[in-house]
Amino acid sequence: MPEDIRDKPYLLHKDILGLNFIREPGIYLYRKHYRSGLRSHIMQVLKPEDVEKENKGVIIDGLRWYPRAEPLKMLRIFRKRFNTLVDAEEELKRVGIIQTYLAPDYLAMPGEFLVDYSRYGKCEVLLCGLQEYVQGQILDPWGLLNRDHLASLRHDVSFDNAEDSATLSDLWIRSVREKAQEFIKRLKQMITETGHVPDLAGAGNLILTRSGNIKLVDINNISRVSFDPIVNLDDRGYPVCDKSIEALFLIEKKLLGRSSLRTGPIYETFLHPERIKEVRALDEEFQISMAAPISWPGSS
């Protein structure tokens, strides 16, 4: 029996074509995205002609260029298994919460759907998504977010340097800060009203776009927010809720210049010094476990 697609460490184009719900040969090429990981496979959905240009190049003004093929969408295949259709629908409800508060300006639209994953006559519920591809630069809450760094990100998101100026840069940075304020406001509202928070701490989960919006591109790990003293861990042993609140705090502090924020039930609970110390230890344990070879489910 072939390996379950959810158990494979990575996927190839042929693996996607082998799925019972994908039309073969189809009109698209599928290529592994660099951010595929523990919770889902992420495949770029590409036009074959764009990939051909990337590989063979095109002549422009007498010079050969190799333009990178830009994805039309991101196909996301979740590794998570669901015992029943109801369990899968509950997962979709959590995604719906994120969409309600962040879409469309602050979220890569997920476009999720459930399919019957068929293997040897048996069907299981599989959660997938055709997600919006977001072009931009990673925003790291733990990194520098001062004016100089934001100006360098502006340069990296493909602005025309010939028309650049300090005034235009300042206007863009001001726009980033204003939009960050709205992003933070919506996240706090979501936490307070629904008791849920998405993973803001994962590497590359937040993208700063050319328009100056911060977009969440990873909705794999939506956690419950509990204000009790116990630090909750996700199914991989990571304190994702606490680290996401910390990321939110750092974005607010650095982008909005608020030096003293540890007020209100959210920050008072999750940024208490003793709790931060405990979370740091749990985070270190998780990082050590991740450094060990990954044992994928079903592997020997």
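Cut-off values and rules
The residue numbers shown here count from 1 along each chain, following its written sequence. The model is predicted, so local features are restricted to residues of pLDDT at least 70 and side-chain atom pairs to those at 80 or more, both for listing and for counting; the totals for chains, interfaces and linings are taken over all residues. Only hydrogens and water are set aside when side-chain values are computed; all heavy atoms of the structure are taken into account. We count a stretch as a helix when DSSP gives it H or I for four or more residues in a row; a strand needs E for two or more, and each element gets its number in order from the N terminus. Only C-alpha atoms enter the radius of gyration; for comparison, a globular chain is expected to reach 2.2 Å times N to the power 0.38, where N is the number of residues. Think of it in three bands: with a 1.4 Å probe and only protein chains considered, a residue is buried below 20% of the maximum accessible area for its type, exposed above 50%, and partly exposed in between. By definition in these notes, contact holds between two residues if any of their heavy atoms fall within 4.5 Å. The rule for a salt bridge is simple: a side-chain nitrogen of Lys or Arg has to be within 4 Å of a carboxyl oxygen of Asp or Glu. Grouping buried Ala, Val, Leu, Ile, Met, Phe, Trp, Tyr and Cys residues that are joined through side-chain atoms within 4.5 Å yields what is termed a nonpolar core. The rule is short: rings of Phe, Tyr and Trp, with Trp giving its six-membered ring, pair when the centres are within 6.5 Å, and they are stacked under 30 degrees, edge-to-face over 60, tilted in between.

Caption draft 1: Structural context of the overall build of the chain. A tally of regular secondary structure across the chain gives 8 helices and 12 strands. Expected size for 300 residues packed as a compact globule is a radius of gyration near 19 Å; at 21 Å, the chain falls within 12% of this value. Taking the principal axes of the C-alpha coordinates as reference, the chain spans close to 60 × 55 × 35 Å. Taken over 300 residues, the chain has a buried fraction of 45%. Sequence-distant contacts, at least 24 apart, represent 65% of the contacts inside the chain between residues at least 6 apart.

Caption draft 2: Representation of the pattern of salt bridges. This model, assessed by the stated rule, comprises 22 salt bridges. Put simply, Arg39 and Asp234 hold a salt bridge, and the shortest N to O gap is 2.8 Å. Of this pair, Arg39 sits in the loop between strand S1 (29-32) and strand S2 (40-46) while Asp234 sits in the loop between strand S12 (223-224) and helix H6 (240-256), placing them 195 residues apart in sequence. For Asp234, a relative accessible area of 15% puts it in the buried group.

Caption draft 3: Here's a closer look at unusual backbone geometry. Of the consecutive residues Glu24 and Pro25, the connecting peptide bond is found in the cis state with omega at 5°. Of note, Pro25 is situated in the loop between helix H1 (13-17) and S1. Phi angles above zero are rare outside glycine, and Asp61 is one such case at about 55°. Judged by its relative accessible area of 79%, Asp61 falls in the exposed class.

Caption draft 4: Region of interest: the nonpolar core. Core analysis: the largest hydrophobic core is formed by 41 residues, its most contacted members being Leu102, Phe183 and Ile214. Residue assignment for this core shows that the elements contributing at least two residues are helix H3 (85-102), helix H4 (147-156), helix H5 (166-194), strand S10 (206-209), strand S11 (214-216), H6 and helix H7 (264-270). Take this core: its biggest share by element is 9 residues, from H5.

Caption draft 5: Structural detail: the packing of aromatic side chains. Within the structure shown, the criterion is met by 4 aromatic pairs. Taking the centre distance of 5.4 Å and the plane angle of 80° together, the rings of Phe249 and Tyr267 count as edge-to-face. Residue Phe249 is found in helix H6, and its partner Tyr267 is found in helix H7; the two are separated by 18 residues along the sequence. Under the relative-accessibility criterion, Phe249 is labelled buried at 5%. For Tyr267, a relative accessible area of 3% translates into the label buried.

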